[in-house]
Amino acid sequence: LDAAQATLAEALARWPGSRDANWGLGWVALRRMQLPQAIGYLERGRDLDPKNTLLRVNLAQAYYLSGRADEAQAEFRQVLQLDPQNGAAHTGLAACASIRGDSAAAVREYLEALRLGERATPQLGGQLVAVLRAYAASHGDADGYARQALRYFPTDPVLKQLAGAS
């Protein structure tokens, strides 16, 4: 990352209006959890190329990690206006809904992200199980959602239990 950061900083010094240099420096700062710097670079990149959904997802993630869930949610929604099939934006909206305590919206967004092709990672499975448990606790019946989730995580014992499967 150090070499990339140095090269991108040099490019930005030469071409201050470079979307790619701003995006690249923002991505490096995001990976290093230097969130204020990441947000600054990524906001400039977004302003230079407002239709770049990958950049905007990175910006929304930086907002989310900074505790700015409302801004993250707004940015994820903007991504979906540009690309309704963006699974990363649905995953981000699910995380925002989960923080707000809206387990129903979180479950729907996680399932939509998976339907659109987001990788069924153990981390995503854990997040989905957590919101399904919260949904079951507050709404009672989670078996329909749990059955949908089993398509992506067929061996998960909690999902099987929530779905009423053995």
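Right above here is the structure, for reference.
Residues numbered from 1 in each chain as written. Predicted model: local features only at pLDDT ≥ 70, side-chain atom pairs only at ≥ 80, totals over all residues. Heavy atoms only, no water.

**Examining helix 8 (residues 122–139)**
Okay, step 1: Over its 18 residues, helix 8 runs 25 Å from end to end, which matches the ideal 26 Å to within 8%, given 1.5 Å per residue.
Okay, step 2: Restricting attention to buried positions, one finds in helix 8 the residues Leu124, Gly125, Leu128, Val129, Val131, Leu132, Tyr135 and Ala136.
Okay, step 3: Each element contacted by the buried residues of helix 8 is listed here: helix 6 (87–100), helix 7 (103–115), helix 9 (143–150) and helix 10 (157–163).
Okay, step 4: Glycine 140 sits one or two residues past helix 8 and shows a positive phi near 90°. (Helix = DSSP H or I, 4+ residues; strand = E, 2+ residues; numbered from the N terminus. Expected span 1.5 Å × (residues − 1). Buried < 20%, exposed > 50% of the residue type's maximum accessible area, 1.4 Å probe, protein only. Contact = heavy atoms within 4.5 Å.)

**A few points about the packing of aromatic side chains**
Okay, step 1: Applying the stated criterion across every chain, the model contains one aromatic pair.
Okay, step 2: Between tyrosine 135 and tyrosine 145 the ring centres are 5.3 Å apart and the planes differ by 80°, which places this aromatic pair in the edge-to-face class. Of the two residues, tyrosine 135 is situated in helix 8 and tyrosine 145 in helix 9; the sequence distance between them amounts to ten residues. (Phe/Tyr/Trp six-rings, centres within 6.5 Å; stacked < 30°, edge-to-face > 60°.)

**Points about the packing of helix 8 against helix 9**
Okay, step 1: Two elements in contact, helix 8 and helix 9, have axes separated by 10 Å at closest approach and are oriented at 165°. Put simply, helix 8 runs roughly antiparallel to helix 9. By crossing handedness, the relation of helix 8 to helix 9 is classed as left-handed. Here helix 8 contributes Leu128, Leu132 and Tyr135 to the contact with helix 9, which in turn contributes Tyr145, Ala146 and Ala149.
Okay, step 2: In the contact of helix 8 with helix 9, the residues fall into six nonpolar, no polar and no charged. (Axes fitted to C-alpha atoms, helices over the stretch in contact; angles between N-to-C directions. Parallel < 35°, antiparallel > 145°, perpendicular 65-115°, else oblique. Left-handed = near helix turned anticlockwise from the far one by under 90°. Nonpolar A, V, L, I, M, F, W, Y, C, P; charged D, E, K, R; others polar.)

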